[in-house]
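Structural characterization, general
What follows is each chain in one-letter form.
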Amino acid sequence: MPSLAEPSCPPAEPPERWWRTWWRNLSPTRQDRFAALAPLAAVMMFLLAIVVSFWYLRAEEVEREKEALRRDAEYAQQRVRLRLLERQEQIMRLARDLSNHELERSDFVTRADALISQYPELQAITWIDERRRIRASHAAPTVTSSQLRVGGEVLRTGDAANLFGLARDTLQPVYSQPVLTSDETVPLLQLQVPLAPQGRFGGVVLAEYSIDSLLRYGTPTEVLARYAVTLLDASNHVLAGTPLPPRSNALLPWTTKANAYQIPVSPVGNGLVLRAQAWRTSLGVVGSGLFWLVGTLSAMTTWMLIATWRHTRRRLQAQQALIAETNFRRAMENSILTGMRALDLHGRITYVNAAFCQMTGWSEAELVGQMPPYSYWPEEEHETLHAKLREELSGQVAPGGFQVRVQRRNGVVFDARLYVSPLVDARGQQTGWMTSMTDITEPNRVREQLTASHERFTIVLEALDASVSVAPLGSQELLFANRLYRQWFGSQTVGHLQLLAQAGRLPLQRASEGGDGASDEDGLMGLPTDSLTSAGPGNAEIYLPELDKWLEVRSRYLNWVDGRLAQMVIATDITPRRLAEEQAARQAERAQSVSRLITMGEMASSVAHELNQPLTAISNYCSGMISRIERQQITEEALLGALQKTAHQAQRAGQIIQRIRAFVKKSEPNRQPADVNHIVAEAVELAGIELRRHNVRLTHYVAARLPPIMADSILIEQVLINLMKNGAEAIANAQRPPAQRSVELRVVPRQAEEQDVIEFTVQDTGGGLGPQMLAHLFEAFYSTKSEGMGIGLNLCRSIVESHQGRMQAENLYNGSEVIGCRFSFWLPLA
């Protein structure tokens, strides 16, 4: 047994931790840095844990919002679908009654009016027969004119025509697939229900829905209150409703909020898609007050740790900054281009920098200690510079400095500007004056050139024969006015504003007038200033009674030299030009009257022949009645019949004379809605006299149901008569046989220059027009007739163009042989 006195072994020491060894091996500086970073890392880890917690809660909330949005969108989709099915059932009942011949056209219109009045989404109901012809149609007042369907029309192109074929083939109700067009016009949703009397296709009933009204009245109000609901086409273009722009977290832009859900209104087969977007979602992680409280406390703790760490280095940094500042000031002093000079209170030079020595050409040793006159003063200006120095030493120099002339060592003199300020020591006492000197020779030269350029510019504007004025917006100040403006309106802005007001170019209201804090850079009416100043000038012609002048006014916006937005107005006297235009118009009217007189003079013999027939008949009737009365061989009934025939012939002669008088006396244009059939009838009546004289057959065709035109009937008759008379003369000159002596007049509607017009065509069988005649056909005083004046066709084209129409001529060919000529012109509808 071991002895009790034997000492026990000491316990083994634990092994040293590896991080303790690493810590002890670090230098004291690095230990301080790690010690300062440890609390910062702990605070950041705590903040990260809080962010992860809030992020998890936010994910749960987003899932709940998505589920509620999906549920409400499906409910709205079912309501819209149900409303469409209800309207479809009502249209099918209407179609069934039509198929069973239980409704007449008037009953159909009454039923359609009741449905449209009761259900706002229904815009139009149309009955179309199996030949695609519209039998009857009724539309709501909100339907545009381009979407109206008129009875008697035939469906040829468009969605309705394509849908018609599908309904005819399937004998089932079919919907259209509305698609937003390039001009962003929202189409109507169309439903065509076929009519199937006795099992055969008998047409369709076309119902047209307003997609916007369908969304407004079909979607539940509680859904519209919570979401922005829109209807889309198959290409996701918005057909109804106002969508919300995509929203994202401003602080965490990668976390886009899922606030939209869309579902097709598919069971009815119309291609519509319903989309719902939430108006507002929860604030999320960054909107939580607790999150911001924790974040703020963490940021404050981090800032305090960083501030403590930086405080230990501040003295060393201050010392280094002081050294750097001293070196910087010394380098700046040596590199500055402005000359610096210090004077004591008695005018002695105590300091000059390198730039001052470089300007004057003397070294620092030569300049320091000098008393006035200084060596860089020109001899001829000693007295002036002495006076300036006394003002400088007395502190009476203006803050803007003064200009002097300085002479370099080589004798060159230059202009300089001196700025003087007191030189104060560290105790706040003035010890002298510090002067800075700048060479302004080049700026003076540039200023002189600018002054000369301004004078030349002013001379040019003053010599203009147009009034030029510039005034800022919102002010009564006149920035510029040339000589002619001052001569007309004086030196006030009254004339400037009067020109703008009469020209309809008054300044727009500033966008900043409706709110606070807006500047001139905001422009006008929300437009940027640069877009206003770059816009082209607008022209207007006005009359000023006080000046008795016609003026052409041009205006534009521009940025004035001080940055203000101004409006320039240029007014040019165009009185001589307007007088010439008015005189030319009067001459044209006289020429039209002369042309009619010439035409009637040429037709005089034919008119006499036409009047001879009714006059001869009157004479014969009167002679016969006298003879039979003398022999007492006439009854009262026979006498009454003879008198009626005599009166008829007298009326016929009077009508001929009345038409000729109205045609010749017409002078002032009187444009009003005119009936095309009446114009053609009058022209054919008058021109037929001349055509019968030349043994020419006249045929005319006027399309049925032509709309009226806005025209002067007599002037258009003059054009037609002239063209038909020229055709008869061309046939006579070509010596055509009787079978080929014909003139044809056709009046039909057509499209020209993207508008609906009425086209008049006069076609003859004459010898046609030569190439030289075609080139000069419509020129004034050009004629192929020996007795012609050359103003007929020129006046015809002038009359047509004054009615906003166009006129042309072309030869007709049979192979290479000319068989006639065609003159045509068109006039726009009223």
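Residues numbered from 1 in each chain as written. Predicted model: local features only at pLDDT ≥ 70, side-chain atom pairs only at ≥ 80, totals over all residues. Heavy atoms only, no water.

Okay, the overall build of the chain next. Each helix and strand counted, the chain has 22 helices and 26 strands in total. A burial count over the chain gives 37% of its 830 residues as buried. Long-range pairs, those at least 24 residues apart, make up 58% of the contacts in the chain with a sequence separation of at least 6. Carbon and sulfur atoms provide 54% of the accessible area of the chain, an area that totals close to 48,900 Å². (Helix = DSSP H or I, 4+ residues; strand = E, 2+ residues; numbered from the N terminus. Buried < 20%, exposed > 50% of the residue type's maximum accessible area, 1.4 Å probe, protein only. Contact = heavy atoms within 4.5 Å. Areas by Shrake-Rupley, 256 points an atom, 1.4 Å probe, with all protein chains shown as cover.)

The next subject is the pattern of salt bridges. Any two side chains of opposite charge can pair, given that their charged atoms come close. Per the counting criterion, the structure on display carries 32 salt bridges. Residue glutamate 208 is joined to arginine 149 by a salt bridge in which the shortest nitrogen-to-oxygen separation is 3.1 Å. Of this pair, glutamate 208 sits in strand S5 (residues 204–209) while arginine 149 is found in the loop between strand S2 (134–139) and helix H4 (159–170), placing the two residues 59 residues apart along the sequence. Residue glutamate 208 is classed as buried on the basis of its relative accessible area of 2%. In this structure, the salt-bridge partner of arginine 564 is glutamate 477, at a minimum N-O distance of 3.2 Å. (Salt bridge = Lys/Arg side-chain N within 4 Å of Asp/Glu carboxyl O.)

Time to look at the side chain of serine 213. Its location among the elements puts serine 213 in helix H5 (residues 211–218). Residues in contact with serine 213, not counting those within four places in the same chain, are Pro120, Glu121, Gln123 and Gly218.

Moving on: empty space enclosed by the protein. In total, this model carries one cavity of 30 Å³ or more according to the counting rule given. For the largest cavity, the calculated volume is near 130 Å³. Surrounding the largest cavity, 15 residues form its lining, Arg341, Trp377, Leu385, Val404 and Leu418 being those nearest its centre. When residues of the lining of the largest cavity are traced back to their parent elements, those giving at least two are helix H11 (382–394) and strand S12 (402–407). Residues belonging to the lining of the largest cavity are distributed by class as follows: eleven nonpolar, no polar and four charged. (1 Å grid on protein atoms, 1.4 Å probe; cavity = no way out; pocket = protein on both sides within 12 Å on 5 of 7 lines; lining within 4 Å. Points joined across faces, edges and corners; volume = space filled by probe spheres on them. Nonpolar A, V, L, I, M, F, W, Y, C, P; charged D, E, K, R; others polar.)

What follows deals with the packing of aromatic side chains. Within the structure shown, the criterion is met by nine aromatic pairs. Here the aromatic rings of phenylalanine 164 and phenylalanine 201 are separated by 5.5 Å at their centres, their planes lie at 75°, and the arrangement is edge-to-face. Residue phenylalanine 164 is located in helix H4, and its partner phenylalanine 201 is located in the loop between strand S4 (189–194) and S5; the two are separated by 37 residues in the primary sequence. Grouping residues by exposure puts phenylalanine 164 and phenylalanine 201 together as buried. Measuring from ring centre to ring centre gives 5.4 Å for tyrosine 543 and tryptophan 550, while their planes differ by 45°; the resulting arrangement is tilted. Accessibility expressed as a relative area gives 32% for tyrosine 543, which makes it partly exposed. One aromatic cluster in this structure is built from Phe356, Tyr374, Tyr376 and Trp377. The ring of tryptophan 127 has arginine 135 sitting right over it, with the charged end atom 4.5 Å from the ring centre. (Phe/Tyr/Trp six-rings, centres within 6.5 Å; stacked < 30°, edge-to-face > 60°. Lys NZ or Arg CZ within 6 Å of the ring centre and 35° of its normal.)

Glancing now at the pairing of S2. Sheet faces and side chains relate simply in a regular strand, where the side chains alternate between the two faces. As paired elements, strand S1 (residues 122–128) and S2 share five bridges and run antiparallel to each other. Following the sheet pairing, threonine 126 is matched in S2 by serine 137. (Pairing = 2+ DSSP bridges.)

The next thing to look at is the packing of helix H19 (residues 676–693) against helix H20 (residues 713–734). Each pair of packed helices can be described by the angle between their axes along with the distance between the axes. The N-to-C vectors of H19 and H20 enclose an angle of 35°; their axes lie 9 Å apart at closest approach. Between H19 and H20 the crossing geometry is right-handed. Counted together, Ile679, Glu682, Ala683, Val684, Leu686, Ala687, Glu690 and Leu691 of H19 and Ser713, Ile716, Glu717, Leu720, Ile721, Met724, Lys725, Ala728 and Glu729 of H20 form the full contact between these two elements. Looking at the contact of H19 with H20, its residues break down into eleven nonpolar, one polar and five charged. (Axes fitted to C-alpha atoms, helices over the stretch in contact; angles between N-to-C directions. Left-handed = near helix turned anticlockwise from the far one by under 90°.)

Taken together, the five strands give an open sheet; going across it, the order is S11-S10-S14-S13-S12, and neighbouring strands pair in antiparallel fashion. With partners counted over all chains shown, the strands left at the sheet margins are strand S11 (349–352) and S12, one partner each. Averaged over neighbouring strand pairs, the angle between their axes works out to 35° when direction is ignored. The pairing of strand S10 (residues 339–344) with strand S14 (residues 430–439) spans six bridges and is antiparallel. Note on S14: the bridge partner recorded for leucine 343 is tryptophan 433. Of the strands in this sheet, S12, strand S13 (413–424) and S14 touch helix H12 (residues 441–463), which is tilted by about 120° from S13.

Here we take up H20. The terminal C-alpha atoms of H20, which comprises 22 residues, lie 32 Å apart, in line with the 32 Å expected from a rise of 1.5 Å per residue. Of all 22 residues in H20, 18 are buried, a share of seventy percent or more. Two residues or fewer after H20 comes glutamine 735, characterised by a positive phi angle close to 55°. (Expected span 1.5 Å × (residues − 1).)

What follows concerns H12. Because an α-helix completes one turn every 3.6 residues, residues spaced three or four positions apart along the sequence face the same direction. A rise of 1.5 Å per residue sets the reference length of H12, with its 23 residues, at 33 Å; its end C-alpha atoms lie 34 Å apart and thus fit the reference within 8%. Here the buried face of H12 lies against S12, S13, strand S16 (480–481) and helix H13 (483–489).

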